[in-house]
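Secondary and tertiary structure notes
What follows is each chain in one-letter form.
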Amino acid sequence: VTYKLYSFPSLSIPFQIVSIRGTMNGWDTLTDAQLWSAAWISQQVRAIIPYGEIWTPIFNRLVNAVSFLQTETLKKIAFYRQTTKFVKWLEESKNYTN
């Protein structure tokens, strides 16, 4: 993952944007597949099962159960944790304008 900070100080209201470049190689693609495959599979199963919409009310519980089981694995591939650290560093170091 690559982060960039773009500043626009010349605008009437100066602001900045954190840009995140994600998938760059095959390993990143495999990580993305691992992260999103469960959601894709559940949607496909729901679509092909007769009365698949009956699962909608319990999807939240199913997702919570799978998340609980996969917590450590998901922590390793969740880039939002790195993104949060980067933005917090920006805030603490005052390398941005409000």
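Before any of the text, the structure's been laid out above.
The text that follows walks through the structure, step by step, so that each part is easy to find. Source: prediction; values computed, not measured.

1. Focus: the environment of Thr84
- By the element assignment, Thr84 lies in helix H4 (residues 80–93).
- Take Thr84: its relative accessible area is 37%, and that puts it in the partly exposed class.
- Between the alpha carbons of Thr84 and Ala65 there is a distance of 25 Å; along the sequence they are 19 residues apart.

2. What to know about the packing of aromatic side chains
- Inspection of the entire model under this criterion finds three aromatic pairs.
- Centre to centre, the rings of Tyr3 and Phe86 are 5.0 Å apart; their planes meet at 20°, and the pair counts as stacked. In this pair, Tyr3 sits in strand S1 (residues 2–8) while Phe86 sits in helix H4, placing the two residues 83 residues apart along the sequence.

3. With respect to the pairing of S1
- In the sheet, S1 pairs with strand S2 (residues 15–21) via seven bridges, with the strands oriented antiparallel. Its bridge partner lying in S2, Lys4 is registered against Ser19.
- What sits between S1 and S2 in their antiparallel hairpin is a turn of six residues.

4. Details of the layout of surface pockets
- A volume near 540 Å³ is recorded for the largest pocket.
- Taken together, 21 residues make up the lining of the largest pocket; nearest its centre are Ala38, Ala39, Ser42, Val63 and Val66.
- The set of elements that each furnish at least two residues to the lining of the largest pocket consists of helix H1 (26–48), helix H2 (59–69) and helix H3 (71–77).
- The element that contributes the greatest number of residues to the lining of the largest pocket is H1, accounting for ten residues.

The rules behind these values
- Residues numbered from 1 in each chain as written.
- Predicted model: local features only at pLDDT ≥ 70, side-chain atom pairs only at ≥ 80, totals over all residues.
- Heavy atoms only, no water.
- Helix = DSSP H or I, 4+ residues; strand = E, 2+ residues; numbered from the N terminus.
- Buried < 20%, exposed > 50% of the residue type's maximum accessible area, 1.4 Å probe, protein only.
- Phe/Tyr/Trp six-rings, centres within 6.5 Å; stacked < 30°, edge-to-face > 60°.
- Pairing = 2+ DSSP bridges.
- 1 Å grid on protein atoms, 1.4 Å probe; cavity = no way out; pocket = protein on both sides within 12 Å on 5 of 7 lines; lining within 4 Å.
- Points joined across faces, edges and corners; volume = space filled by probe spheres on them.

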